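Residue strings, one per chain:
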Amino acid sequence: MSIRTLTPLGWLIAGVALLLAIGLLAWGWNNLWSWLPWSSEARLDRAEARADYAESDGAARGLEAEGNAAQVARTEAYGDIRIRVEGVTASTITAARSAPDATEPLAGERAARLRDHDRQLCVIAPASCPAATPGAP
């Protein structure tokens, strides 16, 4: 049997087989070289990995910035409270040392000054003061 003796149906089958063989070779050739670093698939994988990393890094840096801002706010609030407490305490210490009864045992007026100072501290930082107990002076 020679090629010239094929019927039209034989030529059709041979053509389809040739097209399938070419398609199979093209598919295999693409898969054969896709793992190489300079292939388009490898470049696409690297680009996708870089994009994923950039997205997660951006999200992490955003959370870090929020945390830093919250820390700065807490530090400023603490500094403000500390300055106010030091001011109230310094004026109370000065008043206590210059009071006429500074060297005498604790009297009612002196105890009232100390209670007033405690109240001022509780106004500045209420979380640090215990809850008022019933019957307390």
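Since the model is a prediction, treat every value here as computed from it, not as a measurement.

(A) Here's a closer look at the packing of helix H2 (residues 40–98) against helix H3 (residues 108–124). Running from N to C, H2 and H3 cross one another at 170 degrees; their axes reach a closest spacing of 10 Å. Of the possible angle classes, the one that applies to H2 and H3 is roughly antiparallel. Side by side, H2 and H3 meet where Ile81, Arg84, Val85, Val88, Thr89, Thr92 and Ala96 of the first sit next to Arg113, His117, Gln120, Leu121 and Ile124 of the second. A class-by-class count of the residues in the contact of H2 with H3 yields 6 nonpolar, 4 polar and 2 charged.

(B) Region of the structure containing a negative patch on the surface. On the surface, Asp45, Glu48, Asp52 and Glu55 cluster together to form a negatively charged patch. Note on placement: Glu55 falls in helix H2.

(C) A look at the environment of Cys129. Assignment of secondary structure puts Cys129 in the segment after H3. On the basis of relative accessible area, Cys129 is assigned to the partly exposed category, the value being 21%. Taking the C-alpha atoms as reference points, Cys129 and Arg84, separated by 45 residues in sequence, lie 16 Å from one another. Dropping the residues within four chain positions of it, Cys129 is found in contact with Leu121 and Cys122.

(D) Examining H3 more closely. Under the 1.5 Å per step criterion, the end-to-end length of H3 is 25 Å for 17 residues, consistent within 8% with the ideal 24 Å. For H3, every residue scored as buried is listed here: Ala111, His117 and Ile124. In an axial view of H3, the angular spread of the buried residues amounts to 140 degrees, which keeps them on one side of the axis. Those residues of H3 that are exposed and angled more than 90 degrees off the buried face are Gly108, Glu109 and Val123. Where H3 is buried, its residues contact H2.

Thresholds applied
- Residues numbered from 1 in each chain as written.
- Predicted model: local features only at pLDDT ≥ 70, side-chain atom pairs only at ≥ 80, totals over all residues.
- Heavy atoms only, no water.
- Axes fitted to C-alpha atoms, helices over the stretch in contact; angles between N-to-C directions.
- Helix = DSSP H or I, 4+ residues; strand = E, 2+ residues; numbered from the N terminus.
- Parallel < 35°, antiparallel > 145°, perpendicular 65-115°, else oblique.
- Contact = heavy atoms within 4.5 Å.
- Nonpolar A, V, L, I, M, F, W, Y, C, P; charged D, E, K, R; others polar.
- Patch = residues over 30% accessible without salt bridge, like charges linked within 9 Å, V, L, I, M, F, W, Y side chains within 5 Å.
- Areas by Shrake-Rupley, 256 points an atom, 1.4 Å probe, with all protein chains shown as cover.
- Salt bridge = Lys/Arg side-chain N within 4 Å of Asp/Glu carboxyl O.
- Lys, Arg positive; Asp, Glu negative; His and termini not counted.
- Charge placed at Lys NZ, Arg CZ, Asp CG, Glu CD.
- Buried < 20%, exposed > 50% of the residue type's maximum accessible area, 1.4 Å probe, protein only.
- Expected span 1.5 Å × (residues − 1).
- Arc of directions from axis to C-beta.

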